[in-house]
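The chain contents come next:
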Protein chains: 2
Amino acid sequence: MSARRTVILRAAARVIAQRGIRGLRVEELAQEADVSTSLIYYHFRDRAGLLAHTLDFINARAEHYTHPSSDPDADPRGHLEETLLLELQDTPAVVENSTAWGELRSTAVFQPELRPQLRATTDSWNDYIGDLIHNAQQAGHAAPDASPEEAAARLTALVEGLSKRWLSGSLTLERARHLLRGAITAELAP
Amino acid sequence: MSARRTVILRAAARVIAQRGIRGLRVEELAQEADVSTSLIYYHFRDRAGLLAHTLDFINARAEHYTHPSSDPDADPRGHLEETLLLELQDTPAVVENSTAWGELRSTAVFQPELRPQLRATTDSWNDYIGDLIHNAQQAGHAAPDASPEEAAARLTALVEGLSKRWLSGSLTLERARHLLRGAITAELAP
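Cut-offs applied
- Residues numbered from 1 in each chain as written.
- Chains lettered and ligands numbered in written order.
- Predicted model: local features only at pLDDT ≥ 70, side-chain atom pairs only at ≥ 80, totals over all residues.
- Axes fitted to C-alpha atoms, helices over the stretch in contact; angles between N-to-C directions.
- Helix = DSSP H or I, 4+ residues; strand = E, 2+ residues; numbered from the N terminus.
- Parallel < 35°, antiparallel > 145°, perpendicular 65-115°, else oblique.
- Contact = placed C-beta atoms within 7 Å.
- Nonpolar A, V, L, I, M, F, W, Y, C, P; charged D, E, K, R; others polar.
- Expected span 1.5 Å × (residues − 1).
- Buried ≥ 20, exposed ≤ 12 C-beta atoms within 10 Å, placed from the backbone.
- Least-squares fit on C-alpha atoms with pLDDT ≥ 70 in both.

A.B. asks: Looking at this structure, I do not really get the packing of helix H8 (residues 148–167) of chain A against helix H9 (residues 173–188) of chain B. What am I missing?
C.D. replies: Between two packed helices, both the angle of their axes relative to each other and the distance between the axes serve to describe the pair. Packing of H8 of chain A against H9 of chain B brings their axes to within 10 Å, and their N-to-C directions diverge by 95°. Judged by the angle between their axes, H8 of chain A and H9 of chain B are roughly perpendicular. Seen from H8 of chain A, the contacting residues are Glu150, Ala153 and Arg154 of chain A; seen from H9 of chain B, they are Leu179, Gly182 and Ala183 of chain B. Partitioning the contact of H8 of chain A with H9 of chain B into residue classes produces three nonpolar, one polar and two charged.

A.B. asks: Can you help me understand the packing of helix H1 (residues 3–19) of chain A against helix H6 (residues 92–110) of chain A in this one?
C.D. replies: Residue and element names in this part refer to chain A. It is the contact of H1 with H6, at a shortest axis distance of 8 Å, that shows an interaxial angle of 75°. Relative to H6, H1 is oriented roughly perpendicular. Counted together, Ala13, Arg14, Ile16 and Ala17 of H1 and Glu96, Thr99, Ala100 and Glu103 of H6 form the full contact between these two elements. Looking at the contact of H1 with H6 residue by residue, the classes come out as four nonpolar, one polar and three charged.

A.B. asks: What is the right way to read helix H8 (residues 148–167) of chain B from this model?
C.D. replies: The periodicity of an α-helix, 3.6 residues per turn, causes residues three or four places apart in sequence to face the same way. The end-to-end C-alpha distance of H8 of chain B, which contains 20 residues, comes to 28 Å, matching closely the 28 Å that a straight helix rising 1.5 Å per residue would cover. Taken across its 20 residues, H8 of chain B has 18 buried, putting it largely inside the fold.

A.B. asks: Just checking my understanding: could you explain the relation of the copies chain B and chain A for this structure?
C.D. replies: Of the transformation superimposing chain B on chain A, the axial component is 0.0 Å and the angular component is 180°, with the fit at an RMSD of 0.0 Å. Taken together, these values place the two copies in the relation of a two-fold axis. Of all interface residues in chain B, 100% are interface residues in chain A too; the two copies therefore contact each other through one and the same surface.

Right, here's the structure in full:
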């Protein structure tokens, strides 16, 4: 990806996290990224193209901060738990990413053109977590009768629900993390 | 509540569900409700007052459509399940309410003045579901070691997460309901 393109996408994620998607004006983004509006249109064609690429950008970035330190082979269950909990962290990168992700999800309620990509991204996330659950089962660290696919779909939807409650001030981060840990136990048994 | 006041709040919930909170302009709301803008300001003082009362309004309305047919005394577990599942229905009232609720939650990320009321409303919802879980436990229809308070906080956060995924086209309503049923089983045992 060209350096200018990355600068624009990084600025877009920042602006969305600060003011929301509906606060994202191409003119202000140009100012924030210190580029011309025509460069933004050159790279992303229109606002929809910009949003689609911002979604890709924040997903690629999430793959970095959700990279757990635990060994997936030696401790698949711990690895799963760590992977999910890394989505609930009070660091600028996670707060910005989660806020922008929540905004893209909310906007898709009103802008159907965002939905196919959001659905595909959600499906990959579910598949990834489902694989980790399957590995934990293979290692005997999770109840064998749990459906990895369904447990994954619930745990990622819960992460979104808890993250949004935390970001909107309805619960503390510590409580959100505690509740998520309890959900993993409820889904996969201790 | 005066009839005019109700007409305004009903129109506000409708506009928010159609265009999002950030698409809610007092001028357009006045047109939608067929009242003057000054009447809106007279009743709600400002946009923040209007949003706060709209939140109350959609909560009061949710209490009607989430009123289950099952007997809370004879079948507390079925009553709990029905209460939660009533939040995931493809009827105009539920879609409108859930969309508006999601919008208020999203907006509170950027407008801290909405947070105290949203938190109080979330807490009451959790308390209500926690009481139903407690009743199910008393009747021997739920695992006695589950924490009603924590299970309730997770189940309501999951309802929000699933509802948003459904409204944003990432999963079908049927799948959302199936996943919610599975979460109740995981939390409270069969």
